[in-house]
Number of protein chains: 2
Amino acid sequence: MTDPRLTRLARSLPASVPFVGPETQERARGGPFAARLGANESVFGPSPHAVAAMAQAQQWMYGDPENHDLRMALAAHHGVTPDNIIVGEGIDGLLGYLARLFVAEGDPVVTSDGAYPTFNYHVAGYGGVLHKVPYRDDAEDPAALFAKAAEVDAKLVYLANPDNPMGSAHRGADIVAALADLPRGTLLILDEAYVDCAPDGTAAPVAADDPRVIRMRTFSKVYGLAGARVGYAIGVPDLITAFHKVRNHFGMNRAAQAGALAALADQDWLAHVKTQIALSRDRIARIARDHGLTPLPSATNFVAIDCGRDAGFAKAVLDGLVARGIFVRMPFAAPQNRCIRVSCGTAQDLDAFAAALPGALRDAEKS
Amino acid sequence: MTDPRLTRLARSLPASVPFVGPETQERARGGPFAARLGANESVFGPSPHAVAAMAQAQQWMYGDPENHDLRMALAAHHGVTPDNIIVGEGIDGLLGYLARLFVAEGDPVVTSDGAYPTFNYHVAGYGGVLHKVPYRDDAEDPAALFAKAAEVDAKLVYLANPDNPMGSAHRGADIVAALADLPRGTLLILDEAYVDCAPDGTAAPVAADDPRVIRMRTFSKVYGLAGARVGYAIGVPDLITAFHKVRNHFGMNRAAQAGALAALADQDWLAHVKTQIALSRDRIARIARDHGLTPLPSATNFVAIDCGRDAGFAKAVLDGLVARGIFVRMPFAAPQNRCIRVSCGTAQDLDAFAAALPGALRDAEKS
């Protein structure tokens with residue numbers, strides 16, 4: 001029974017979770033996964049300096065609600081001003097704030113069919129109406145997204161570059177060129193969560209003061225701090241200021257603030273991780289090919305593997321892997337859901353994946 | 001210039017901060033405070049087991065979105081079921097979710113004049129209309145709160161017990177008795193953030209399945225983990241489930257989850273901290289009396305000190321303390337704002353407070 005005192009909107013929402021966590025699956029299967037390759041976390045871990053900074057943090061104190069030191073460092077890193085930057089509880093948290101700021105009930109929002117479900121969750125949570133355009137050649141389609149935004153007069157349009165779950169990427173310059181067709185009055189949320197391990201030229205060269213775009217970045221992926229919950233956005237100061245109207249000012253974990261600051265300063269570690277990611281992507285691709293599957297090119301820390309048949313077959317392969325202790329996920333929407341998605345792992349993780357895949361494929365053939 | 005694409009509600013909100021952080025003040029004054037006694041943090045720190053657990057946490061992994069282990073432990077601790085418990089990003093985060101679930105634009109909400117500003121921030125942020133009742137004898141007044149709730153047909157009524165900023169407390173049994181006058185259709189938010197250091201009998205013996213009340217608890221105060229951002233609420237499962245409609249499922253810091261679990265298990269540390277708090281409260285009271293001021297009785301980890309004159313005088317005393325490197329705060333509303341509020345500190349912190357107070361009082365007399 002839903003509490004009748006809830007708002008009408010809240011009553012209409014399902015109690016949902018965008019992703020089932022691996023711990024939930026481990027409890028269901030009665031034991032830990034042998035390899036955790038499903039959440040695009042960085043198994044290579046954060047900088048040792050970040051680990052040390054977090055261990056030394058004085059957690060009896062609230063974090064700095066202004067995130068001052070981190071914003072200063074990020075501003076220097078990106079060559080923008082601190083007023084161009086808002087730090088928040090992961091990109092998930094920032095997307096929630098952004099949806100709250102822009103989306104009233106009935107407001108149209110545009111995304112790709114099969115793109116980030118947590119964005120959709122936030123938009124629906126504020127009563128927005130989602131319009132979806134299909135992927136094109138396993139990539140998000142800026143031209144189609146912006147055309148749809150014009151058609152429905154969208155408040156927001158979401159574009160991840162590189163894309164999750166397919167791993168594809170556009171050149172940043174192409175995104176900027178496409179902006180000519182972004183309708184006036186639509187804000188582009190450019191989610192660059194994976195850009196730190198993408199080829200040079202993937203990050204969109206958008207001016208920080210360009211009012212048409214807000215860029216999202218995170219310490220959860222290549223920086224290896226998913227558990228810390230630190231994301232940030234870069235945008236025009238007027239837009240950044242709006243977050244202060246609604247954000248949880250004391251919401252940032254103090255150790256996470258220190259960890260992100262130390263992680264940002266250790267670009268050598270980032271380079272090391274990028275090398276590990278590249279090696280791991282290559283190995284995942286080889287394992288896929290060795291078993292007759294088709295790895296898609298990846299600009300991210302994961303590889304989408306085309307299992308060559310329909311969604312049912314890919315799901316059977318995924319189930320077979322999970323049953324064998326390998327945590328992986330798969331795209332939600334057709335035709336991307338002919339694939340499974342495997343995050344980069346250590347050599348040992350990928351040994352386990354390689355060992356489990358033949359049995360999973362055998363089971364899937366039979367099912 | 002406010003972005004015209006923001007929702008009408010968002011445009012109407014100020015870019016605000018419920019509290020200015022001590023770091024902001026330190027940057028303004030050009031140096032660190034000698035004693036940090038303004039945010040009711042626990043300078044005695046968290047359990048060493050919690051510190052160790054946080055240091056060992058693998059922050060490359062997202063936290064468990066179900067907070068399973070912590071909810072199980074909290075359920076056992078309180079003698080309730082895990083379905084009675086929601087864990088969130090501090091009480092601040094949970095208050096935000098609750099406001100979102102219950103408060104549509106124009107919905108009436110009741111609180112005390114001068115009670116927790118962050119609750120007011122969240123209610124205003126969803127367009128709620130706040131109705132305030134005065135404190136009575138420096139304590140929140142359940143009868144007046146519930147009468148006002150009946151008068152305005154409030155969705156929510158907020159009551160902190162013990163109270164912040166005055167430190168007063170009602171017996172839990174008296175809160176339960178007052179519930180007879182809570183109007184049908186009003187949910188009582190009973191904020192028990194400070195109850196862990198209050199006298200026995202302060203926690204309200206409310207059944208976890210009582211649909212009239214949701215209780216809020218935190219690891220930020222006596223458990224010493226303010227920086228970690230871990231709070232929880234206890235309520236009827238139907239109400240708890242509603243949080244899953246809107247919460248940031250992967251919003252919890254993984255190390256914080258582990259730290260809270262270890263802190264909860266170390267009740268010996270809690271007892272140690274409670275002793276330190278009691279000693280510190282007594283010393284703050286003595287220092288106040290030594291300078292002709294009147295300490296109010298406290299069931300919390302801070303002491304409100306009546307400076308004996310008006311708000312302007314108290315503010316001058318506060319400014320004098322801040323200028324001398326002592327971070328303290330004061331109540332926002334009359335007549336409570338004749339006081340300053342001093343958090344418990346170490347012996348060294350209170351030495352610094354005692355040394356600064358005479359000068360601050362001298363300056364205030366002159367101003």
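Residues numbered from 1 in each chain as written. Chains lettered and ligands numbered in written order. Predicted model: local features only at pLDDT ≥ 70, side-chain atom pairs only at ≥ 80, totals over all residues. Heavy atoms only, no water.

- For chain A, the name recorded in an unreviewed UniProt entry is Pyridoxal phosphate-dependent aminotransferase, with Sulfitobacter sabulilitoris as its organism.
- On record in UniProt, under Cofactor (unreviewed entry), the comment for chain A is "pyridoxal 5'-phosphate". (UniProt positions renumbered as here; feature names shortened; annotations may be inferred.)

1. So, the nonpolar core
Nonpolar side chains in soluble globular proteins tend to end up buried together.
Part 1 of the reasoning: Counting 225 residues, the largest nonpolar core has A:F219, A:L321, A:F353, B:F219, B:V317, B:L321 and B:F353 as its most contacted members.
Part 2 of the reasoning: Non-local contacts of B:F219, meaning those with residues more than four positions away in its chain, are made with B:L70, B:L74, B:G224, B:L225, B:A226, B:V230, B:Y232, B:A260, B:A263 and B:L264. (Core = buried A, V, L, I, M, F, W, Y, C linked by side-chain atoms within 4.5 Å. Buried < 20%, exposed > 50% of the residue type's maximum accessible area, 1.4 Å probe, protein only. Contact = heavy atoms within 4.5 Å.)

2. Considerations on the interface of chain B and chain A
Part 1 of the reasoning: Every contact between the two is made by 77 residues of chain B and, on the other side, 77 residues of chain A.
Part 2 of the reasoning: Where chain B abuts chain A, roughly 6,300 Å² becomes buried across the two surfaces, and 54% of that area is made up of carbon and sulfur atoms.
Part 3 of the reasoning: Of the charged contacts, one joins B:R27 and A:D64 as a salt bridge, the two residues approaching to 3.1 Å between their closest N and O atoms.
Part 4 of the reasoning: At the surface where chain B touches chain A, the tally comes to 54 residue pairs in polar contact (both at pLDDT 80 or more).
Part 5 of the reasoning: Among the secondary structure elements, those contributing two or more residues to the side of chain B that touches chain A are α1 (8–12), α2 (22–29), α3 (48–56), α4 (68–78), α5 (90–102), α6 (117–125), α9 (237–242) and α10 (254–265) of chain B.
Part 6 of the reasoning: Here the side of chain B that touches chain A is composed, by residue class, of 34 nonpolar, 23 polar and 20 charged. (Buried area = accessible area lost by both parts, 1.4 Å probe. Salt bridge = Lys/Arg side-chain N within 4 Å of Asp/Glu carboxyl O. Polar contact = N/O pair within 3.5 Å; in protein donor to acceptor, adjacent residues only side chain to side chain. Helix = DSSP H or I, 4+ residues; strand = E, 2+ residues; numbered from the N terminus. Nonpolar A, V, L, I, M, F, W, Y, C, P; charged D, E, K, R; others polar.)

3. Describing helix α12 (residues 311–323) of chain B
Residues and elements named next belong to chain B.
Part 1 of the reasoning: When the terminal C-alpha atoms of α12 are compared, their 18 Å separation across 13 residues agrees well with the 18 Å that a helix rising 1.5 Å per residue should span.
Part 2 of the reasoning: Of all the residues in α12, the buried ones are F313, A314, A316, V317, L318, G320, L321 and V322.
Part 3 of the reasoning: The residue sitting at the N-terminus of α12 and contributing the capping side-chain oxygen is D310; that oxygen lies 3.3 Å from the backbone nitrogen of G312.
Part 4 of the reasoning: Two residues or fewer after α12 comes G325, characterised by a positive phi angle close to 85°. (Expected span 1.5 Å × (residues − 1).)

4. Regarding the pairing of strand β10 (residues 302–306) of chain B
Residues and elements named next belong to chain B.
Part 1 of the reasoning: Counting buried positions over the five residues of β10 gives five, a clear majority of the element.
Part 2 of the reasoning: In the sheet, strand β9 (residues 294–295) pairs with β10 via two bridges, with the strands oriented antiparallel. From the neighbouring strand, T294 faces β10, where its bridge partner is D306.
Part 3 of the reasoning: As consecutive antiparallel partners, β9 and β10 are separated by six residues.
Part 4 of the reasoning: Pairing between β10 and strand β12 (residues 339–343): five bridges, direction antiparallel. (Pairing = 2+ DSSP bridges.)

5. Notes on the sheet that holds strand β5 (residues 156–160) of chain B
Residue and element names in this part refer to chain B.
Part 1 of the reasoning: If you walk across this open sheet you meet the seven strands as β2-β8-β7-β6-β5-β3-β4, and the pairing is mixed. Each of the sheet's edge strands pairs with one partner strand only, and the pair in question is β2 (85–88) and β4 (129–133). Between one strand axis and the next, the sheet turns by 20° as a mean value, whatever way the strands run.
Part 2 of the reasoning: Pairing geometry for β2 and strand β8 (residues 231–234), over four bridges, is antiparallel. In the sheet register, G88 faces β8, and the bridge partner there is G231.
Part 3 of the reasoning: Along the sheet, α5 contacts β2, β5, β6 (187–191), β7 (213–218) and β8; its crossing angle with β7, the most-contacted strand, is approximately 155°.
Part 4 of the reasoning: Packing of helix α7 (residues 142–152) onto the sheet brings it into contact with β3 (108–112), β4, β5 and β6, and relative to β3 it is tilted by some 165°. (Axes fitted to C-alpha atoms, helices over the stretch in contact; angles between N-to-C directions.)

6. Some words on the side chain of A:R100
Part 1 of the reasoning: Residue placement: A:R100 occurs in helix α5 (residues 90–102).
Part 2 of the reasoning: No salt bridge is formed by the buried A:R100, whose closest oppositely charged neighbour, A:E89, lies at an N-O distance of 10 Å.
Part 3 of the reasoning: In this structure A:R100 touches A:Y126, A:V246, B:T7, B:G125 and B:Y126, once residues within four positions along its chain are discounted. (Lys, Arg positive; Asp, Glu negative; His and termini not counted.)

7. Some details on the sheet that holds strand β9 (residues 294–295) of chain A
Part 1 of the reasoning: Pairing is antiparallel in the open sheet, where three strands are placed in the order β9-β10-β12 (chain A). Each of the sheet's edge strands pairs with one partner strand only, and the pair in question is β9 and β12 (339–343) of chain A.

8. Some thoughts on the packing of aromatic side chains
Part 1 of the reasoning: Throughout the structure, instances matching the rule amount to 17 aromatic pairs over all chains.
Part 2 of the reasoning: For the ring pair A:F219 and A:Y223, a centre distance of 4.7 Å and an interplane angle of 50° mean the geometry is tilted.
Part 3 of the reasoning: With a centroid separation of 6.0 Å and an interplanar angle of 45°, the aromatic rings of B:F19 and B:F332 are classed as tilted. Of this pair, B:F19 sits in the loop between α1 and α2 while B:F332 sits in the loop between β11 (326–327) and β12, and the two are 313 residues apart along the sequence.
Part 4 of the reasoning: A relative accessible area of 54% means that B:F332 is categorised as exposed.
Part 5 of the reasoning: Connected via pairs of aromatic rings, a cluster forms that spans A:Y62, A:F250, B:F19, B:Y116 and B:F332.
Part 6 of the reasoning: Across the ring face of A:F313, the terminal group of A:R309 is positioned such that the distance to the ring centre comes to 4.4 Å. (Phe/Tyr/Trp six-rings, centres within 6.5 Å; stacked < 30°, edge-to-face > 60°. Lys NZ or Arg CZ within 6 Å of the ring centre and 35° of its normal.)

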